[in-house]
Amino acid sequence: MNEHTSSPGSVRRVACIGAGVIGGGWVAHFLARGYQVTAWDPAPEFEAKLRRLVDAAWPALTELGLSAGASRDNLVIAATLQDAVADAEFVQESAPEDLALKRDLLARIDAATPAGVVISSSTSGYGMTEMQVDCPTPQRLVVGHPFNPPYLIPLVEVVGGERTEPWAVRWASEFFEVAGKSVITMDREVPGFIANRLQEAIWREALHMVANGEATVEQIDASITEGPGLRWPLLGPCLTFHLAGGEGGMAHMLDHFGPSLKSPWTRLEAPELTTELRDAMVRGCEEAADGRSIAELVADRDRAVIAVMRAVDEVRRGRS
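By convention here, each chain's residues receive numbers from 1 onward along its written sequence. Only residues with pLDDT of 70 or above have their local features reported here, since the model is predicted, and side-chain atom pairs are shown and tallied only from 80 upward, although totals for entire chains, interfaces and linings are computed over all residues. With hydrogens and water set aside, each side-chain value is computed from the structure's full complement of heavy atoms.

Engineer: Help me understand unusual backbone geometry, please; the structure alone is not making it clear to me.
Structural biologist: A negative phi angle is the norm for most residues apart from glycine, just as the trans form is the norm for most peptide bonds. Residue P149 is reached from N148 by a cis peptide bond, and omega for that bond is 0°. Tracing the chain through its elements places P149 in the loop between β6 (141-146) and β7 (155-160). Unlike most non-glycine residues, E45 shows phi in positive territory, near 55°. Secondary structure follows DSSP: runs of H or I at least 4 residues long count as helices, runs of E at least 2 residues long count as strands, and numbering of each begins at the N terminus. The topology assignment puts E45 in the loop between β2 (36-40) and α2 (46-64). Unlike most non-glycine residues, F193 shows phi in positive territory, near 65°. When a residue's accessible area, from a 1.4 Å probe over protein chains only, is under 20% of the maximum for its type it is buried; when over 50% it is exposed; and in between it is partly exposed. Classification of F193 by relative accessible area gives buried; the value is 1%.

So, in structure tokens, the structure goes:
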């Protein structure tokens, strides 16, 4: 299969297949970056929900700075999947995490999308190798794994499958960078990718502590927002521990604290999601929300993330 006929920087038309929370977030992001976006979702009357999501995201996107030509009027709703991808120069799929559904949908997208156009999946856990099995031209399919909300969190992890050609991974990574994302191009597939595996470790331990009555939802969240979470935006967990070693850095940290790796500080196996644990998590989140609606929490989160991003960017600029 030939490489993409257009360069990543020349793309103007993007198709978003699937318009839920993640797909809608992609739509908002691409619109804010000045692209013409065509969206399709099999859910009846998805357009109203999608436009509400884009409207809710627009203040944060405006605060961050819209690209030239950015407009919500650049959103086109397609009647069919085929219509959505007919003239697309890039396709982002964001269907629910169901392997059979993903395989079928990606095969249909592949069959309908013009030759040479890269197709990216927002999957949060499946490898492209297991999703591209029914695709007629699997060489152009990649994973482009975003983080919620895609219009605000810059990271996207890009990786191909066994039948993906290297040019497609390179093209997708460059396109996402041009489109304003921070890209990690992974060297190999790993279930859950990089960031999700790290998130999942914390999440599983949090569930264990709630299930065992060792900590509340509020305590767990505060332990991150008031503790290590304040260090991670700039340094990440590895450099944070590098500093924990003092002048000796990571070498001293590992030599000094290495024995604690055998201490029972984590339980990476997920606990049984019992009705009691499920109800405790729901109740705890409702208490932590303290009466704030989902929309209010989203607005608070977006303002906070923008403030953190700007603060970190200021430090980075000062270093250069």
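Engineer: Is there a simple way to explain the layout of surface pockets in this structure?
Structural biologist: By rolling a water-sized probe across the atoms, one finds the places where empty space is left. Cavity and pocket criteria rest on a 1 Å grid covering protein atoms alone: a 1.4 Å probe that fits but cannot get out defines a cavity, protein on both sides within 12 Å along at least 5 of 7 lines defines an open pocket, and an atom within 4 Å of a point defines a lining residue. Grid points are joined across faces, edges and corners, and a volume is the space filled by probe spheres set on the points. Within this model, the second largest pocket holds a volume of roughly 540 Å³. Lining the second largest pocket are 24 residues, and of these L53, A56, Y151, V298 and R301 sit closest to its centre. Partitioning the lining of the second largest pocket into residue classes produces 15 nonpolar, three polar and six charged. Residues are grouped as follows: Ala, Val, Leu, Ile, Met, Phe, Trp, Tyr, Cys and Pro are nonpolar; Asp, Glu, Lys and Arg are charged; all remaining types, including Gly, are polar.

Engineer: Sorry if this is basic, but what is going on with the packing of aromatic side chains here?
Structural biologist: A ring pair, where both rings are aromatic, is described by two values, the distance of the centres and the angle of the planes. Only rings of Phe, Tyr and Trp enter the pairing, Trp through its six-membered ring, and a pair is recorded when the two centres are within 6.5 Å. The plane angle decides the type: under 30 degrees is stacked, over 60 is edge-to-face, the rest tilted. Applying the stated criterion across every chain, the model contains 11 aromatic pairs. Clustering of aromatic rings is evident, with ring pairs tying together W26, F30, Y35, F90, W171, F175 and F176. Placement of a positive charge over a ring is assigned whenever Lys NZ or Arg CZ falls within 6 Å of the ring centre and within 35 degrees of the normal to the ring plane. Just above the ring of W26 sits the side chain of K181; from NZ or CZ to the centre is 5.2 Å.

Engineer: Whenever I open this one, the pattern of salt bridges confuses me. Can you help?
Structural biologist: A side chain of one charge can pair with a side chain of the opposite charge when the charged atoms of the two come close. Just to be clear on terms, a salt bridge is a Lys or Arg side-chain nitrogen sitting within 4 Å of an Asp or Glu carboxyl oxygen. The tally for this structure, following the rule as stated, stands at 17 salt bridges. Among the salt bridges present, the one from D55 reaches R72, with a minimum N-O distance of 3.0 Å. Highlighted residues: D55 in helix α2 and R72 in the loop between α2 and β3 (75-77), separated in sequence by 17 residues. Notably, a salt bridge pairs E97 with K102, separated by 3.6 Å at the nearest N-O pair. Judged by its relative accessible area of 37%, E97 falls in the partly exposed class. Taken together, the shared-partner salt bridges in this structure form one network comprising R13, D87 and E89.

Engineer: How should helix α7 (residues 195-211) be read in this particular structure?
Structural biologist: Because each turn of an α-helix spans 3.6 residues, side chains separated by three or four positions end up pointing in the same direction. Here the expected span of a helix is defined as 1.5 Å times the quantity of residues minus one. Compared with the 24 Å implied by 1.5 Å per residue over 17 residues, the 24 Å span of α7 between its first and last C-alpha is a close match. Those residues of α7 that fall on the buried side of the exposure criterion are A195, N196, E205, A206, L207, H208 and V210. Residue contacts follow a heavy-atom distance rule, with two residues in contact if any of their heavy atoms lie within 4.5 Å. Among the structural elements, β6, β7, α8 (217-225) and α11 (275-289) are those in contact with the buried residues of α7. A positive backbone phi angle near 70° is found at G213, which sits one or two residues after α7.

Engineer: What is the right way to read the packing of α2 against helix α12 (residues 294-319) from this model?
Structural biologist: Helix-helix packing is characterised by the crossing angle of the two axes and by the distance between the axes. In this description, a line fitted to the C-alpha atoms serves as the axis of each element, helices being fitted only across the stretch in contact, and the angle between N-to-C directions of two axes falls anywhere from 0 to 180 degrees. Packing of α2 against α12 brings their axes to within 10 Å, and their N-to-C directions diverge by 15°. For the element pair α2 / α12, the angle class is roughly parallel. Viewed along their axes, α2 and α12 form a crossing whose handedness is right-handed. Here α2 contributes A60, E63 and L64 to the contact with α12, which in turn contributes D302, I306, M309 and R310. For the contact of α2 with α12, the per-class residue count stands at four nonpolar, no polar and three charged. We call two directions roughly parallel when the angle between them is under 35 degrees, roughly antiparallel when it is over 145, roughly perpendicular when it lies between 65 and 115, and oblique otherwise. Should the near helix be turned anticlockwise from the far one by less than a right angle, the crossing is left-handed, and should it be turned clockwise, the crossing is right-handed.

Engineer: Sorry, what's going on with the environment of P114 here?
Structural biologist: By secondary structure assignment, the location of P114 is in the loop between α4 (99-112) and β5 (119-121). Judged by its relative accessible area of 28%, P114 falls in the partly exposed class. For the pair P114 and D73, spaced 41 residues apart in the sequence, the C-alpha separation amounts to 25 Å. Leave out the neighbours within four places in its chain, and P114 touches V85, A86, A88 and R140.

Engineer: Sorry if this is basic, but what is going on with the packing of helix α1 (residues 21-32) against α2 here?
Structural biologist: Across the interface, α1 lies against α2 with an axial gap of 9 Å and an inter-helix angle of 50°. Taken together, the axes of α1 and α2 are oblique relative to one another. The chirality of how α1 crosses α2 is right-handed. Here V21, G24, G25, V27, A28, L31 and A32 of α1 lie close against α2, whose contacting residues are L50, L53, V54, A57, W58 and L61. Residue composition of the contact of α1 with α2, grouped by class: 11 nonpolar, two polar and no charged.

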